[in-house]
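Breakdown of the fold
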Amino acid sequence: MLSDNFSNAVRIADIGCGDGFFTMEIAEKFRPSAIRGIEPAANAVEVARTRIPAHLARSVSFQTGNIYDLENDGVEVAVIRGVLHHLDRRKRRSHILGGAFTRLLRWSRTASIRR
């Protein structure tokens, strides 16, 4: 899905990244110029940071953050997997789908990252 629609120069935010497993899968297979995992649980962010291998240290980062307070700082794609159903429906519509990100990809279990 990513490789069909974007070049590797894209900057990605993985919102609700948890322990970073899926963020690292994107980073390894697609090699975007930057990918930032954002997660409200500080302990999950700490675990995610330990997953960053040396060869991806310049392009992968993780931060603690709330989906409702995010601002676009040059990110072109927001990946949200397993998050939307946790959000208040009204806030989801106004803050996320009509918010700062120009493209929003919802990942399903059957979606793949092609290189």
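Residues numbered from 1 in each chain as written. Predicted model: local features only at pLDDT ≥ 70, side-chain atom pairs only at ≥ 80, totals over all residues. Heavy atoms only, no water.

Attention now moves to the overall build of the chain. Looking only at helices and strands, the chain features four helices and five strands. Starting at the N terminus and walking to the C terminus, you meet the elements of the chain as α-β-α-β-α-β-β-α-β. When each of the 115 residues of the chain is scored for burial, the buried share is 40%. In the chain, 70% of the contacts between residues at least 6 apart in sequence involve partners at least 24 apart. (Helix = DSSP H or I, 4+ residues; strand = E, 2+ residues; numbered from the N terminus. Buried < 20%, exposed > 50% of the residue type's maximum accessible area, 1.4 Å probe, protein only. Contact = heavy atoms within 4.5 Å.)

Our focus in this paragraph is the confidence of the model for the chain. The predicted model of the chain averages 78 in pLDDT, with 70% of residues at 70 or higher. Ignoring residues within four places in sequence, the model shows residues 97-115, a span with pLDDT below 50, making 56 contacts including any to other chains. (pLDDT = per-residue confidence, 0-100.)

In this section: the pattern of salt bridges. Enumeration over the complete set of coordinates arrives at four salt bridges. Between E25 and K29 there is a salt bridge whose closest N-O contact spans 3.3 Å. Within this pair, E25 and its partner K29 are both found in helix α2 (residues 21-30), separated by four residues, close to a single helical turn. Classification of K29 by relative accessible area gives partly exposed; the value is 41%. Where E28 meets R31, a salt bridge forms, and the shortest distance between an N and an O atom there is 3.4 Å. Here R31 falls in the partly exposed class, since its relative accessible area comes to 37%. (Salt bridge = Lys/Arg side-chain N within 4 Å of Asp/Glu carboxyl O.)

Let us now look at the side chain of R36. Counting through the fold element by element, R36 comes out in strand β2 (residues 34-39). Classification of R36 as buried rests on a relative accessible area of 13%. Contacts of R36, omitting those with residues within four sequence positions, involve I12, A13, D14, S61, Q63, D73 and V75.

Moving on, we come to the pairing of strand β4 (residues 77-80). Residues V77 and V79 of β4 are buried on one face, and the alternating residues A78 and I80, pointing to the opposite face, are buried as well. Of the strand pairs in this sheet, strand β1 (residues 11-15) and β4 are connected by four bridges, and their pairing is parallel. Looking at the pairing, D14 lines up with V79 of β4. (Pairing = 2+ DSSP bridges.)

This part is about the nonpolar core. L2, I12, I26, F30, V60, F62 and V77 are the most contacted members of the largest nonpolar core, which totals 18 residues. Counting only elements with at least two residues in this core, the list comes to α2, α3 (42-50), β3 (60-64) and β4. The dominant element in this core, judged by the number of residues it contributes, is α2, at five residues. Not counting chain neighbours up to four residues away, the residues in contact with F62 comprise C17, G20, T23, M24, G37, V45, A48, R49 and I52. One finds I67, L70, V75 and I80 within the second-largest nonpolar core, a separate group that totals eight residues. (Core = buried A, V, L, I, M, F, W, Y, C linked by side-chain atoms within 4.5 Å.)

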